[in-house]
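Spelled out from the first residue to the last, the chains are:
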Amino acid sequence: MSVKKIDAPEFEAAISKGVVVVDFNATWCGPCKMLAPVLEELSEEMSEKAAFYAMDVDDNQGVALRFSISSIPYVAVFKDGVKVDESIGFVPKPQLQAVIERNL
Amino acid sequence: MEQRYDIAIIGTGPAGISAAITAAARNKRVLLLGSTGSSDKVSKAHLIRNYPGLPEISGDALAEHFLEHLKKMDIQITDRKVAMIYAMGAYFSLQIDQDFVEASTVILASGVSFGKSLPGEDENLGRGVSYCATCDAALYRGKEAVVAGYAPKEESDARFLAEMAEKVVYLPVYKNADLEAMPDNLFPDRPNIEVRKSRPKSISKRDGRMVLETDEGEIETDGIFLLRESVSPDKLVPGLVLDGNHVKVDRAMATNLPGFFAAGDITGTPYQYIKAAGEGNVAALSAVSYLDRQK
């Protein structure tokens, strides 16, 4: 598994079941670019435990507004459609992995 | 893409210079970032009485000796500022202005010049307080934002934000000379930027909006951007663990991030030149043995 880029119309279906990690980002955001390969690695290593998606906040402002996102990168963890955790800003892989794992 | 450095050293005080000398002696590919005149804290010192071999030396003269030593070993100082350091796992990515440079290890020896956070700043970071206008501008479309720029170069970020936001209040938190040199009409092309010459005091939340208390009253807004010259080490290096205001290190000058070391005043007191130089040496040797283990 890798990180799949999605847009607002696919969002509800994507988060509906199991543990789902969504990386909210934007193209010009430096820390987002750095976090992308970290999430890519985690999506490979944790493919059996969680699904990974990425969403551009500039193209999907409604979703960003719904979760009151005011800083990116913003990683949200969903469990069966409900947001259960978040991580804001760049974080090294072990820390981000811990955020996901505490919700498995 | 340019080759990855073995060791990136940030800071050109005694710790950084000592680390660079030891790293270069071990034939490592070193990037030394900092002021080309050593650190202000060294060059402005009146008299240093406890640096072995150099009794009663002035700060100025000590800085000169340092720079001479670097020159003899053919070590260049790159006078550029690191905005962020990302721990990528097997290496570190250093953001220098808009460029990214990679290094296998990092030694942070940038001293303790960073100021304290404002009251309410840390709690609201990422929740209405941001350090990156270019990152978060898109989230402020049709909203209001306050930008506190701690140097004139931050004006371009306020301008960028104003392209998206409905209104931007810009606080030039400058040194006096810069403030005096500032034109009356700072953003003639951007009528939606209001300039207020006041200084931020504290940050709070009220009814879902942000409130910035300044020395000339409060400003209610949607987001507050603090664009500082130097930030605390855990903000410069996301994930780095501190011990109070200092970087937490062990006797090998290793931090919680594998491959990341710290030396000098940034690791804690005593703030002594010779202690800093000693730690720089230890940090470089630790970085060298870390590099050897990676092979």
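Residues numbered from 1 in each chain as written. Chains lettered and ligands numbered in written order. Predicted model: local features only at pLDDT ≥ 70, side-chain atom pairs only at ≥ 80, totals over all residues.

Let us now look at the packing of helix H1 (residues 14-25) of chain B against helix H9 (residues 273-294) of chain B. The relative placement of two packed helices is expressed as an angle between their axes plus a distance between the axes. Residue and element names in this part refer to chain B. Between H1 and H9, the least distance of the axes is 7 Å, while the angle of their chain directions is 40 degrees. In this structure, the crossing between H1 and H9 has a hand that is right-handed. Of H9, the residues touching H1 (which contributes Pro14, Ala15, Gly16, Ile17, Ser18, Ala19, Thr22 and Ala23) are Tyr273, Ala276, Ala277, Glu279, Gly280, Asn281, Ala283, Ala284, Leu285, Ala287 and Val288. (Axes fitted to C-alpha atoms, helices over the stretch in contact; angles between N-to-C directions. Helix = DSSP H or I, 4+ residues; strand = E, 2+ residues; numbered from the N terminus. Left-handed = near helix turned anticlockwise from the far one by under 90°. Contact = placed C-beta atoms within 7 Å.)

A word on the interface of chain B and chain A. Taken together, the contact pairs 22 residues of chain B with 22 residues of chain A. The set of elements that each furnish at least two residues to the side of chain B that touches chain A consists of strand S4 (82-87), strand S5 (92-96) and helix H5 (133-136) of chain B. Taken together, the residues that form the side of chain B that touches chain A break down as ten nonpolar, nine polar and three charged. (Nonpolar A, V, L, I, M, F, W, Y, C, P; charged D, E, K, R; others polar.)

All names here are of chain B. With respect to topology, three strands assemble into an open sheet ordered S11-S12-S13, the strand pairing being antiparallel. With partners counted over all chains shown, the strands left at the sheet margins are strand S11 (200-206) and strand S13 (217-221), one partner each. In this sheet, neighbouring strand axes are inclined to one another by 25 degrees on average, regardless of whether the strands run parallel or antiparallel. When strand S12 (residues 209-214) meets S13, the two strands line up antiparallel, connected through five bridges. By the bridge assignment for S13, Glu213 is matched with Glu218. (Pairing = 2+ DSSP bridges.)

So, about the pairing of strand S4 (residues 74-79) of chain A. Where a strand is regular, its side chains alternate between the two sheet faces. Residues and elements named next belong to chain A. By the criterion of burial, S4 is predominantly enclosed, with five of the six residues buried. The pairing of strand S2 (residues 19-25) with S4 spans six bridges and is classified as antiparallel. Bridge pairing links Phe24 to Tyr74 in S4. Judged from the six bridges that link them, S4 and strand S5 (residues 82-88) form a sheet pairing that is antiparallel. Counterpart to Val75 in the pairing with S5 is Ser87. (Buried ≥ 20, exposed ≤ 12 C-beta atoms within 10 Å, placed from the backbone.)

Take the nonpolar core next. Residue and element names in this part refer to chain B. In this structure, Ala8, Ile9, Ile107, Val147, Leu161 and Ala262 are the most contacted members of the largest nonpolar core, which totals 113 residues. Broken down by element, the residue count for this core peaks at seven residues, all from H9. Split by domain, the residues of this core number at least three in each of domain 1 (5-114 + 231-294) and domain 2 (121-227). Dropping the residues within four chain positions of it, Ala8 is found in contact with Leu31, Leu33, Phe92, Leu94, Ala103 and Val106. (Core = buried A, V, L, I, M, F, W, Y, C linked by C-beta atoms within 7 Å. Domains from an automatic or database assignment.)

The share of residues in chain A with pLDDT of 70 or more is 100%, and the mean pLDDT across the chain is 96. Here helix H3 (residues 61-66) of chain A stands out as the least confident element of chain A, with mean pLDDT 94; S4(A) is the most confident, with 98. (pLDDT = per-residue confidence, 0-100.)

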